Amino acid sequence: AEKSMRTQTARESSREIKEMAKKISGDVGRLEDRQNKDARETRQQLLDLTKNLSQEISNKHSEISKSLKLAVKELNNDKVARSTLSEILLEVALRTSDEMAKKINFEAGDVKND
């Protein structure tokens, strides 16, 4: 009877252990599935964010390039050409020299070469 009781207890313990193992195995499987799903969702979110950021960077680059090209064009349109500026300054210098010479009664022939 005692041997029979031990055998019965061992069988019950074995059955309980098998049930627990089955339950744990199911729980582990569900956790793995959830982890895989979460990882897929996280990768997708990261991909979406990366695409959005890349598009924003591209848009900003285009905007800045357009603005820079426009600013350069405006500067080129507004600046005085070097040759034009040179001519203006030369004309001012000549007029100033002639006016100064007249004020002090200076003539080019008055200069002596020593």
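Everything below is about the structure printed above this text.
Residues numbered from 1 in each chain as written. Predicted model: local features only at pLDDT ≥ 70, side-chain atom pairs only at ≥ 80, totals over all residues. Heavy atoms only, no water.

Draft legend 1. The arrangement of the environment of Ala 71 in detail. One can find Ala 71 in helix H1 (residues 2-78). When its relative accessible area of 33% is taken as the criterion, Ala 71 is described as partly exposed. Measuring from C-alpha to C-alpha, the distance between Ala 71 and Lys 22 comes to 73 Å, with 49 residues separating the pair along the chain. (Helix = DSSP H or I, 4+ residues; strand = E, 2+ residues; numbered from the N terminus. Buried < 20%, exposed > 50% of the residue type's maximum accessible area, 1.4 Å probe, protein only.)

Draft legend 2. Structural view of the pattern of salt bridges. Taken as a whole and assessed by the stated rule, the structure comprises seven salt bridges. Between Glu 2 and Arg 6 there is a salt bridge, and its shortest N-O distance comes to 2.2 Å. Of the two residues, Glu 2 and Arg 6 both sit in helix H1, four residues apart, roughly one turn of that helix. Comparing Glu 2 with Arg 6 shows no difference in burial state: the two are exposed. Between Asp 38 and Arg 34 there is a salt bridge, and its shortest N-O distance comes to 3.9 Å. (Salt bridge = Lys/Arg side-chain N within 4 Å of Asp/Glu carboxyl O.)

Draft legend 3. Structural view of helix H2 (residues 82-103). The end-to-end C-alpha distance of H2, which contains 22 residues, comes to 31 Å, matching closely the 32 Å that a straight helix rising 1.5 Å per residue would cover. The positive-phi residue at the C-terminal boundary of H2 is Asn 105, with phi of around 55°. (Expected span 1.5 Å × (residues − 1).)

Draft legend 4. Fine view of a nonpolar patch on the surface. Taken together, the side chains of Met 20, Ile 24 and Val 28 make up a nonpolar region of the molecular surface, amounting to roughly 280 Å² of accessible area. With respect to the helices, strands and loops of the structure, Met 20 is situated in helix H1. By relative accessible area, which is 51% here, Met 20 ends up exposed. (Patch = residues over 30% accessible without salt bridge, like charges linked within 9 Å, V, L, I, M, F, W, Y side chains within 5 Å. Areas by Shrake-Rupley, 256 points an atom, 1.4 Å probe, with all protein chains shown as cover.)

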